[in-house]
Amino acid sequence: MADYILETHDLGISFGGLKAAQNVNIRIKKNQIYGLIGPNGAGKTTIFNLLTGVYKPTTGTFYLNGEELKGLPQDKINHKGIARTFQNIRLFNNMTVVRNVMVGLHDQPEFKCTVLETLLRLPRHFKVEKAMRERAKELLRIFDLENERNQLACNLPYGKQRKLEIARALATNPKLLLLDEPAAGMNPHETEDLVKTIKFIRDHFDMTILLIEHDMKFVAGLCDEITVLNFGTVLAEGDTKTALNDPEVIKAYIGG
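Residues numbered from 1 in each chain as written. Predicted model: local features only at pLDDT ≥ 70, side-chain atom pairs only at ≥ 80, totals over all residues. Heavy atoms only, no water.

Colleague: Describe the overall build of the protein, and please don't skip the residues or the numbers.
Modeller: When you go through the protein residue by residue, the secondary structure sums to 10 helices and 11 strands. Based on the C-alpha atoms only, the size of the protein along its principal axes is roughly 65 × 40 × 35 Å. A total of 256 residues make up the protein; the buried ones form 49% of that total. Element-wise, carbon and sulfur atoms account for 50% of the exposed surface of the protein, whose accessible area totals about 12,600 Å². Taken as two groups, the 33 positive and 31 negative side-chain charges of the protein have centres that lie 5 Å from each other. (Helix = DSSP H or I, 4+ residues; strand = E, 2+ residues; numbered from the N terminus. Buried < 20%, exposed > 50% of the residue type's maximum accessible area, 1.4 Å probe, protein only. Areas by Shrake-Rupley, 256 points an atom, 1.4 Å probe, with all protein chains shown as cover. Lys, Arg positive; Asp, Glu negative; His and termini not counted. Charge placed at Lys NZ, Arg CZ, Asp CG, Glu CD.)

As structure tokens, then:
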């Protein structure tokens, strides 16, 4: 288990009589870019919701760096080192770009203030505020968003909103970053730029990344390994090229 940053053991969940996911076993090595793919309704986002505490598994369990996280609430799982973005972008639209990233920094130990320091606006409050803003600007610089830092998040183009959501997730200092369809809605130029950005995140932050994506060209050019889901179960797994060429995978995507 120590060789894998994420390991799931027979992970599954049922809603009433519907098995949305069952017996899902995934093992991801540190620094991998790993893909979770499958047709619509295959259970991909359900797995993300299990890994982040939105849902509690009805069967199986999962581990981050060998530590079992099953049953923990969302905030505890985030503190342990799992952060995510969403299929439908969830930003604080009426806050500035830089403030969106600063929200992700609030729980980091180096940016903690006591209630008294904040209420009385003591010197440490302003010192921490300044440090948070500088750190947020560093993250925005990676995504070429520093010049837009004082704009409202809702005024950013779609592709830049996607990048801002990733920057905010990185602000929580995760060990494992979950990206739910990061290329959705992007044009080819934005998608190509995103591939470079994700690789940079992996290398610069010593990050492990698990992503859901429907763009097979994007997956093939980015992911080291993949797991393919269909109807909530694992259809294929392993090396990306081999798994994508599995006859059962092709059948699931284009029909019998």
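Colleague: Give me the side chain of R162: which residues, what numbers.
Modeller: Here R162 lies in helix α6 (residues 158–170). The buried charged residue R162 lacks any salt bridge partner; its closest oppositely charged side chain belongs to E165, at an N-O distance of 4.2 Å. Of the polar contacts made by the side chain of R162, one reaches the side chain of Y158; its length is 2.9 Å. Those residues in contact with R162 that sit more than four places away from it in its chain are F86, Q87, I89, D180, E181, P182, A184 and M186. (Salt bridge = Lys/Arg side-chain N within 4 Å of Asp/Glu carboxyl O. Polar contact = N/O pair within 3.5 Å; in protein donor to acceptor, adjacent residues only side chain to side chain. Contact = heavy atoms within 4.5 Å.)

Colleague: I'd like a rundown of the sheet that holds strand β4 (residues 33–37), residues and numbers included.
Modeller: Reading across the sheet, the 6 strands line up as β7-β8-β9-β4-β10-β11 and stay open at both edges, with mixed pairing between neighbours. The open sheet terminates on both sides in strands that have one partner only, identified here as β7 (82–84) and β11 (233–239). Averaged over all adjacent pairs, the angle separating strand axes in this sheet is 20°, with direction ignored. Alignment of β4 against strand β9 (residues 208–212), held across 4 bridges, turns out to be parallel. Bridge pairing in β9 links G35 to L211. (Pairing = 2+ DSSP bridges. Axes fitted to C-alpha atoms, helices over the stretch in contact; angles between N-to-C directions.)

Colleague: Tell me about the packing of aromatic side chains, residues and numbers included.
Modeller: Within the structure shown, the criterion is met by 1 aromatic pair. Ring geometry for F15 against Y55: centres 5.2 Å apart, planes inclined by 75°, an arrangement best described as edge-to-face. Here F15 is found in strand β1 (residues 4–15), whereas its partner Y55 is found in the loop between α1 (44–51) and β5 (59–64), with 40 residues between them in sequence. Classification of F15 by relative accessible area gives partly exposed; the value is 38%. For Y55, a relative accessible area of 29% translates into the label partly exposed. One cation-aromatic arrangement involves R90 over F86; the distance from NZ or CZ to the ring centre is 4.0 Å. (Phe/Tyr/Trp six-rings, centres within 6.5 Å; stacked < 30°, edge-to-face > 60°. Lys NZ or Arg CZ within 6 Å of the ring centre and 35° of its normal.)

Colleague: An account of the nonpolar core is requested, with residue identities and associated values reported.
Modeller: In this structure, L164, L170, L177, I201 and I209 are the most contacted members of the largest nonpolar core, which totals 46 residues. With residues near it in sequence (within four places) discarded, L164 still touches L91, V97, N100, V101, L140, L145, A153 and L156. One finds L11, I28, I47 and L69 within the second-largest nonpolar core, a separate group that totals 26 residues. (Core = buried A, V, L, I, M, F, W, Y, C linked by side-chain atoms within 4.5 Å.)

Colleague: Before we move on, can you summarise the environment of F218 with the specific residues and values?
Modeller: Residue position: F218 is located in helix α8 (residues 216–222). Of the residues examined, F218 reaches a relative accessible area of 3% and is grouped as buried. With 68 residues separating them in the primary sequence, F218 and N150 have C-alpha atoms 31 Å apart. Once you skip the residues sitting within four places of it in the chain, F218 turns out to touch P182, A183, T191, L194, V195, I198, L211 and E213.

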